[in-house]
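Summary of structural features
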Amino acid sequence: MLLVGLVLVVGALQYQLWLGARGLTDMWQRQHRLAELKATAERLEQRNRRLRAEVTDLRREGEAIVERAREDLGMIRDDELFIRMVRPHGEDRSAPSGSGSSGPSSAGPAGNPVGSPGD
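Residues numbered from 1 in each chain as written. Predicted model: local features only at pLDDT ≥ 70, side-chain atom pairs only at ≥ 80, totals over all residues. Heavy atoms only, no water.

We now examine the overall build of the protein. When its secondary structure is counted, the protein shows two helices and zero strands. Going through the 119 residues of the protein one by one, you find that 6% of them count as buried. Summing over all exposed atoms, the protein offers an accessible surface of approximately 11,500 Å²; the carbon and sulfur share of this is 58%. (Helix = DSSP H or I, 4+ residues; strand = E, 2+ residues; numbered from the N terminus. Buried < 20%, exposed > 50% of the residue type's maximum accessible area, 1.4 Å probe, protein only. Areas by Shrake-Rupley, 256 points an atom, 1.4 Å probe, with all protein chains shown as cover.)

As structure tokens, this is what we get:
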């Protein structure tokens, strides 16, 4: 009788150890889940490092982009005022003379020169 009771107690303990709520099976499942979470966290950390580097590059290059847009494309900010200094017609020595110049035309919408009586 004592032997049967002892076997039942050991059997109940073994059941709890192997198949219970906090048994070895549960521990193995949790270890597997932990490994998955660590791998996911590592992937996300790598992604965050790439994104931080990209943001840093865009910030650094963004200044260069703004500078180039201002100089090459003549872009201005909303809070700035654009003033264009134009030389009188006779003072522009760098432009080629003659009607075959490749510069911007000074003709109005009707083909008349800007400032002519036809405007």
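Having seen the structure, we can now continue with the description.
This part is about a nonpolar patch on the surface. A surface patch of nonpolar side chains, about 650 Å² in accessible area, is lined by Tyr 15, Leu 17, Trp 18, Leu 19, Met 27 and Trp 28. Secondary-structure elements contributing two or more residues to the nonpolar patch are helix H1 (2–19) and helix H2 (24–72). Here the nonpolar patch takes four residues from H1, the largest share from any one element. Within the secondary structure, Leu 17 sits in helix H1. (Patch = residues over 30% accessible without salt bridge, like charges linked within 9 Å, V, L, I, M, F, W, Y side chains within 5 Å. Salt bridge = Lys/Arg side-chain N within 4 Å of Asp/Glu carboxyl O.)

The next point concerns H2. In this model H2 runs 69 Å from its N-terminal to its C-terminal C-alpha over 49 residues, within 8% of the 72 Å that 1.5 Å per residue would give. The principal kink in H2, of about 30°, is found at Glu 61. Considered for burial, the residues of H2 that qualify are Asp 26, Gly 62 and Ala 69. (Expected span 1.5 Å × (residues − 1). Bend = angle between axes of the 7 residues up to and from the residue.)

Turning our attention to the confidence of the model for the protein. Summarising the model, the protein shows a mean pLDDT of 75, and 76% of its residues fall at 70 or more. In the predicted structure, residues 98–119 sits below a pLDDT of 50 and forms 13 contacts with residues beyond four places in sequence or in another chain. (pLDDT = per-residue confidence, 0-100. Contact = heavy atoms within 4.5 Å.)

For the pair H1 and H2, interaxial distance at closest approach is 4 Å and the crossing angle is 10°. With respect to H2, the element H1 is oriented roughly parallel. The residues of H2 that touch H1, namely those facing Leu 17, Trp 18 and Leu 19, are Leu 24, Thr 25 and Trp 28. In the contact of H1 with H2, the residues fall into five nonpolar, one polar and no charged. (Axes fitted to C-alpha atoms, helices over the stretch in contact; angles between N-to-C directions. Parallel < 35°, antiparallel > 145°, perpendicular 65-115°, else oblique. Nonpolar A, V, L, I, M, F, W, Y, C, P; charged D, E, K, R; others polar.)

Let's shift gears to the side chain of Asp 26. Within the secondary structure, Asp 26 is located in helix H2. Residue classification places Asp 26 among the buried residues on the basis of a relative accessible area of 16%. A distance of 2.8 Å separates polar atoms of two side chains, one belonging to Asp 26 and the other to Arg 30. If sequence neighbours within four positions are ignored, Asp 26 has contacts with Gly 20 and Ala 21. (Polar contact = N/O pair within 3.5 Å; in protein donor to acceptor, adjacent residues only side chain to side chain.)

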